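# Structure at a glance
Spelled out from the first residue to the last, the chains are:
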Amino acid sequence: MVTSIIRRLIQAVFVVVAMTVIVFIGVNVIGNPVDILINPDANQAERARVIAHYGLDQPLWRQYLLFLQGLLHGDFGNSFVYGRPAMGLILERLPATLELAISALAIALVFGLPLGLYAGLYPNRVSSKLIMSGSILGFSLPTFWVGLMLIMVFSVELGWLPTNGRGPTLELFGVRWSFLTGEGLRHLLLPAFNLALFKTSLILRLTRAGVQEVLPQDYVKFARAKGLRERRVIAVHVLKNLMIPVVTIIGLEFGSLIAFSVVTESIFAWPGMGKLIIDSINLLDRPVIVAYLMMMVLLFVVLNFIIDVCYTILDPRVRLDSKA
Amino acid sequence: MAEHDMQETLPEPGRLSKHLADFFASPAAAIGFVTLLVICCLALLAPWISPQNPYDLMQLDIMDGRLPPGSESMTGLVYHLGTDSQGRDILSGILYGLRTSLLVGVLSAFAAAIIGTTAGLFAAYMGRRTETVIMRLVDLQLSFPTILMALMMLAILGKGVLNVVIALIIAEWATYARTVRATALVEREKEYIEAARMLRLPGWRILFRHLLPNCLAPVIVIATMQVARAIGLEATLSFLGLGASVTEPSLGMLISTGYQYLLTGLYWISFFPGIALLVTIVAINLVGDRLRDVLNPRNAS
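Residues numbered from 1 in each chain as written. Chains lettered and ligands numbered in written order. Predicted model: local features only at pLDDT ≥ 70, side-chain atom pairs only at ≥ 80, totals over all residues. Heavy atoms only, no water.

It is worth spelling out the overall build of chain A at this point. Per the secondary structure count, chain A includes 13 helices and two strands. Taking all 324 residues of chain A together, 46% fall into the buried category. Here chain A displays about 16,500 Å² of accessible surface, and carbon together with sulfur accounts for 66% of that area. (Helix = DSSP H or I, 4+ residues; strand = E, 2+ residues; numbered from the N terminus. Buried < 20%, exposed > 50% of the residue type's maximum accessible area, 1.4 Å probe, protein only. Areas by Shrake-Rupley, 256 points an atom, 1.4 Å probe, with all protein chains shown as cover.)

Listed below in structure tokens is the structure:
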């Protein structure tokens, strides 16, 4: 098991290095930073000074090494717009995004798992068919449009819930959170529900498929033949075997929730990383873009690594494979 | 083995008509298909059937801005779905927007399918080093969500519809490569490939004339679904201001311009383009869902 974990670790490091090269080449070579950094009216001397200041006159490999050096220190340079370190800006907004993503994941699990279980256990009931058609709609509805419609119905027409911002926050462990205040919770509800919609459908369908795969298995038949109560068969024998795909999905989808929060955050003016990156792309704020991309790469590599390790622990077959 | 024999002995023309009959046996799929056909016709015929050319600024009258559905302009033109802030007829905007959406969707799904399928075939056929390199790249790509890859590409390439297409291709090719490789690995072991090798046919010929046609079924299914995904993603990116320009709006852009007016109760600028987008995506997904069932070899026997 240790060998396989070490091997995965090496792969993870390789992925991070590969992505630094891609992002570096992409941003520094394909996009021309000089055009972005320098006022078009600047004279020749001014241009040369700025180029030298950012090290853009250096050979490419040295620029890359400088980039890596900065990366290791978490230094991506100052934001052109805010004039503050890019990494700091992103970390400042991380809690808001995390809060949104975790809430959305919780909503998706609370709705997706039981509904999927129900649809899988009783596939021929009309209610199950309704649930499944509903999930197709959940897949097809464009998230941003649903967000707008939520605002239209619950904020504009009914006036129940606020449309933007986080509302008042409360400090816990040195970080400010919305869900600790009633008003903040009201602000959180619509965006979290919006972000959760797609994932609810996904978890629902996955759970249903899993249930239908597990039910005909011999160990479920055996459990029933032993005379175990239906509740126990489902809770222990069915649910336990569903956990492997579900754990993978939770892990993977948590990352994708953070990535997809760019949309929800833009609609509900939620002050998280996603809104920051969209603003930065629009304003060509290069240091913030690079810092965000590297941060996401790191996040995904770490998540994938954790999932792989969980796999090895949960599923003995993976362990045996790596020994062979 | 039984499946394999079935496929070999099935007569070619009979198979197609059987698939067609299978496909239309589902009412949902039939509705989806007809809806999609209508949408495609509307998009194709947009310049002739839409009341106004929404991209021609000369035809827009700012005085007609933000009119509710059913209003009439000074010239007697009826705005059935209202107008946006520029005085653009929403119905015409939707018809033209559909053109952009469908074009982006089909173009990116098609290009990604060609690149991904070729990569997957090569990986399966060549094996060894080539396979490892391609599949590592696929794994790398698939470990990041599409929207992140697309954002990364747009951050590098800059805004614009063409760049959105490129971003979508780069974000989606890996799905095809993985599926095609898996299918091709199974097909590679079958007798007809062995026979083709015995005949000493050139490698490219075995690859594209013998292996490829037998790996196409999953590609068709994925490509259909990807068109829907690409349309949704293009709309999302345009909504975020990274895609279509304000003067030539796509559906996402129309929804985006309506966003600020939504809060004051002017719902129609965002609402109707959204419905058009939704109907398109659902129709494609219904067709794709059914195609998957029909083309799945497990259901053939």
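Residues and elements named next belong to chain B. Here helix α5 (residues 90–126) crosses helix α12 (residues 268–295) at 40°, and the two axes come no closer than 10 Å. For the element pair α5 / α12, the angle class is oblique. For the pair α5 and α12, the crossing hand works out as right-handed. Contacts from I90, I94, L98 and L102 of α5 reach α12 at W268, I269, F272, P273, A276 and T280. Partitioning the contact of α5 with α12 into residue classes produces nine nonpolar, one polar and no charged. (Axes fitted to C-alpha atoms, helices over the stretch in contact; angles between N-to-C directions. Parallel < 35°, antiparallel > 145°, perpendicular 65-115°, else oblique. Left-handed = near helix turned anticlockwise from the far one by under 90°. Contact = heavy atoms within 4.5 Å. Nonpolar A, V, L, I, M, F, W, Y, C, P; charged D, E, K, R; others polar.)

This brings us to the UniProt feature "transmembrane region" (unreviewed entry) in chain B. All names here are of chain B. On the UniProt side, "transmembrane region" (unreviewed entry) is annotated at positions that read residues 20–49, 102–126, 147–171, 206–225 and 265–288 here. Helix and strand shares over residues 20–49 are 90% and 0% respectively, and the end C-alpha atoms of the span are 31 Å apart. The distance from the first to the last C-alpha atom of residues 102–126 is 35 Å, and the span holds 100% helix and 0% strand. (UniProt positions renumbered as here; feature names shortened; annotations may be inferred.)

Quick look at the interface of chain B and chain A now. Each side of the interface is counted separately: chain B has 37 residues, and chain A has 40 residues. In total, chain B and chain A occlude about 3,500 Å² of area from one another, counting both sides; carbon and sulfur atoms represent 83% of this. When residues of chain B are sorted by the area they lose upon contact with chain A, M152(B), I156(B) and L240(B) head the list and together hold 16% of the total. Taken together, the links from chain B to chain A amount to zero salt bridges. Where chain B touches chain A, the interface holds one residue pair in polar contact (both at pLDDT 80 or more). (Buried area = accessible area lost by both parts, 1.4 Å probe. Salt bridge = Lys/Arg side-chain N within 4 Å of Asp/Glu carboxyl O. Polar contact = N/O pair within 3.5 Å; in protein donor to acceptor, adjacent residues only side chain to side chain.)

Below, the discussion takes up the packing of aromatic side chains. Two numbers describe a pair of aromatic rings. These are the distance of the centres and the angle of the planes. Counting across every chain of the model gives five aromatic pairs over all chains. Here the aromatic cluster, defined as three or more aromatic residues joined through ring pairs, consists of W145(A), F271(B) and F272(B). The ring of Y122(A) carries R125(A) above its face, with NZ or CZ at 4.0 Å from the centroid. Here the basic side chain of R99(B) rests over the ring of Y96(B), its NZ or CZ set 5.9 Å away from the ring centre. (Phe/Tyr/Trp six-rings, centres within 6.5 Å; stacked < 30°, edge-to-face > 60°. Lys NZ or Arg CZ within 6 Å of the ring centre and 35° of its normal.)

Moving on, we come to unusual backbone geometry. Residues and elements named next belong to chain A. A positive phi is found at A269, a non-glycine position, where the angle reads about 45°. Tracing the backbone shows A269 in the loop between α10 (230–267) and α11 (273–283). For A269, a relative accessible area of 28% puts it in the partly exposed group.

Right, let's get into the confidence of the model for chain B. Taken residue by residue, chain B gives an average pLDDT of 78. The fraction at 70 or more is 83%. Within chain B, no element has a lower average pLDDT than helix α1 (residues 2–9) of chain B, which sits at 44, and none a higher one than α5(B), at 86. (pLDDT = per-residue confidence, 0-100.)

Before going further, it helps to examine the side chain of E172(B). Within the secondary structure, E172(B) is located in helix α8 (residues 161–188). When neighbours within four sequence positions are excluded, E172(B) is seen to be in contact with A112(B), T146(B), Q226(B) and R229(B).

This next bit is on the environment of Y176(B). All names here are of chain B. With respect to the helices and strands, Y176 occurs in helix α8. On the basis of relative accessible area, Y176 is assigned to the buried category, the value being 0%. Residues Y176 and I231, spaced 55 residues apart in sequence, show a C-alpha to C-alpha distance of 18 Å. In this structure Y176 touches A109, A112, A113, G116, T117, V219, I222, A223 and Q226, once residues within four positions along its chain are discounted. In this structure the side chain of Y176 is engaged in a polar contact, spanning 3.4 Å, whose partner is the backbone oxygen of A109.

Enumeration according to the criterion identifies five salt bridges over all chains in this entry. A salt bridge links E92(A) to R84(A); the nearest nitrogen and oxygen atoms lie 3.2 Å apart. By relative accessible area, E92(A) is classed as partly exposed at 48%. Between R181(B) and E131(B) there is a salt bridge, with its nearest N and O atoms 2.7 Å apart.

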